[in-house]
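# Observations on the three-dimensional arrangement
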Amino acid sequence: MVKKTESVIMIDLTQFNKDLATLGIKVTYTMVVYIGDTYRIITSKGEEIGGSREDKEKIIAHLLSKQPFLPITGEEMNHGYLFIETGLAADVMEKLKILLRSISFSMDKYVLEERMQSCSLGILDSAVNAIEAKDVYTKGHSDRVAGLAQLIAERMDLPYSEKEVAQAGLLHDIGKIGISERILTKPGSLTDEEYQIIKSHPEKGAQILEPLVMFKKSAAAVRHHHERYDGKGYPDGLAGEEIPLLARVIAVSDAFDAMTSDRPYRKAFSYDIARQKILSASGTQFDPTVVEAFNSIEEKKISSVIGSRA
Ligand SMILES: [Fe+2]
């Protein structure tokens, strides 16, 4: 299953427990941590629950009236509270405050990174819209590829978060920003020179994303989404497992959406024909494990992402 981004926060709380043990502090606590619009409650007994913002207010009000607490406050905002038993010694309280400061610091960093990432993604999303506006035939293509890639990812054990899969799908053709509308929408066959220009888009896309650390995995998927499993793709002619797994997932999603969309030179294939074409290219163009995962997805789910074209 894909990893949830909340795990970033949970690592810090695991560390918190370790630090308490290292410092010889024995304390019974309930920790409430905010993660965006949701919250998580973790207790020293290892229980954990989460919920929405509305419930959070009620629970916090209840705990604040019952137990002593220390706020988990960073530079930017309050990230939550640590509720503790009454009557703790002053030196224990001091040590707890120091530990909470380090948690707050890493949560600040996490929040800041999240903001930067969503800001950068907003800009890149506008660039994707600009590309798709040049070519009516590809309108919505990147969103659909992202949706299909997520469906495949749900069926596989991928070392990527849901967000990384969605981003790679959304951004896979970002390199087309520098390619002229005339070439992108040309109805007839392309000249060799035009074909070479089109083929440069994975490398250009990766170059756009590489300076942004948070899109490192997306950049690799973007660069390699036109590689083939048999090594006959581009830009690097990578084969099999040399191709980043996320790129292999995007390749199947991209091909399926392209086949089930109208193009200047042909009408869309039906859902069944497109699925057959993907299956028949398993092991040559596509990674068989990705094809198998794709083939296990119910038609209803695929239709909910790409629309009904069966
Ligand atoms: Fe592409």
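Being a predicted model, the structure only gives us computed values, none of them experimental.

Assigned secondary structure in the protein consists of 13 helices and five strands. Taking all 310 residues of the protein together, 34% fall into the buried category. Considering only residue pairs separated by 6 or more positions, the protein has 62% of its internal contacts joining residues 24 or more positions apart.

A word on the domain arrangement of the protein. By convention, interface size is frequently given as the accessible area that disappears when the constituent parts associate. Parsing the protein into structural domains produces domain 1 (7-111) and domain 2 (135-306). Relative to domain 2, the C-alpha centre of domain 1 lies at a distance of 42 Å.

Moving on, we come to the sheet that holds strand E5 (residues 78-84). In spatial order, the strands read E3-E2-E1-E5-E4; together these five strands make up an open sheet with antiparallel pairing. The open sheet is flanked by strand E3 (48-52) and strand E4 (69-73), the only strands paired with a single partner. Averaged over all neighbouring strand pairs, the angle between strand axes comes to 15°, with direction disregarded. Strand contacts of helix H3 (residues 90-134): E4 and E5, with the helix running at about 30° to E4, the strand carrying the most contacts.

Turning next to the UniProt feature "domain: HD" (unreviewed entry) in the protein. The UniProt record annotates "domain: HD" (unreviewed entry) at residues 138-259. Across residues 138-259 one finds 57% helix and 0% strand; the C-alpha atoms that close the span lie 11 Å apart.

In this chain, Tyr234 is followed by Pro235 through a cis amide linkage whose omega measures 10°. Positionally, Pro235 belongs in the loop between helix H9 (216-223) and helix H10 (245-259).

What follows deals with the packing of helix H5 (residues 162-171) against H10. Following both chains from N to C, one finds H5 and H10 inclined at 50°, their axes separated by 10 Å at the closest point. Between H5 and H10, the angle falls in the class oblique. H5 and H10 meet at a crossing whose hand is right-handed. In this structure, H5 uses Val165, Ala168 and Gly169 to contact H10, whose residues at the interface are Leu246, Ile250 and Ser253. Looking at the contact of H5 with H10, its residues break down into four nonpolar, two polar and no charged.

A word on the nonpolar core. Counting 45 residues, the largest nonpolar core has Ala149, Ile152, Leu246, Val249, Ile250 and Val252 as the members making the most contacts within it. Ranked by residue count, the leading element in this core is H10, at nine residues. Residue contacts for Ile250: discarding those within four places in its chain leaves Val145, Ala149, Ala168, Gly169, His172, Ala221 and His225. With 19 residues, the next largest nonpolar core counts Val32, Val33, Ile35 and Met107 among its residues.

Here we take up the packing of H10 against helix H11 (residues 271-280). Working note: a packed helix pair is described by the angle between its axes plus the distance between those axes. At their nearest, the axes of H10 and H11 sit 9 Å apart, and the two run at 145° to each other. Pair H10 / H11 crosses with right-handed handedness. Of the residues in H11, those in contact with Val252, Ala255, Phe256 and Met259 of H10 are Ala274, Lys277 and Ile278. For the contact of H10 with H11, the class distribution of residues is six nonpolar, no polar and one charged.

As for its position among the elements, Gly46 is in the loop between strand E2 (38-43) and E3. Owing to 7 C-beta atoms within 10 Å, Gly46 belongs among the exposed residues under this scheme.

Now for the pairing of E5. Summarising burial for E5: six of the seven residues are buried, a large majority. Strand direction decides the pairing type here: strand E1 (residues 29-35) and E5, joined by five bridges, are antiparallel. Considered in E5, the bridge of Tyr29 is made with Ile84. Strand direction decides the pairing type here: E4 and E5, joined by five bridges, are antiparallel. Paired with Thr73 across the two strands is Asn78, which belongs to E5.

Criteria and thresholds
Sequence positions are assigned chain by chain, starting from 1 and proceeding in written order. Reporting in this predicted model follows two pLDDT cut-offs: at least 70 for local features of residues, and 80 or more for side-chain atom pairs to be given and counted; totals over whole chains, interfaces and linings ignore these cut-offs and use all residues. A helix here means a DSSP run of H or I that spans at least four residues, while a strand means a run of E at least two residues long, and both kinds are numbered starting from the N terminus. Working definition of burial: number of other C-beta atoms within 10 Å of the residue's own, with buried at 20 or more, exposed at 12 or fewer, and partly exposed in between, all C-beta atoms being placed from the backbone. Contacts here follow a simple rule: the backbone-placed C-beta atoms of the two residues must lie within 7 Å. These domain limits were set by an automatic method or by a database of domain assignments. Only when DSSP finds a minimum of two bridges between them are two strands counted as paired. Orientation is described by axes fitted as lines to C-alpha atoms, over the contacting stretch for helices, and by angles from 0 to 180 degrees between their N-to-C directions. UniProt positions are given in the numbering used here, feature names are shortened, and annotations may be inferred rather than shown by experiment. These descriptions rest on fixed angle ranges, namely under 35 degrees for roughly parallel, over 145 for roughly antiparallel, 65 to 115 for roughly perpendicular, and the rest for oblique. Whether a crossing is left-handed or right-handed is set by the direction in which the near helix is turned from the far one by less than a right angle, anticlockwise for left-handed and clockwise for right-handed. Put simply, Ala, Val, Leu, Ile, Met, Phe, Trp, Tyr, Cys and Pro go in the nonpolar bin, Asp, Glu, Lys and Arg in the charged bin, and everything else, Gly too, in the polar bin. A set of buried Ala, Val, Leu, Ile, Met, Phe, Trp, Tyr and Cys residues, joined through C-beta atoms within 7 Å, is what we mean by a nonpolar core.

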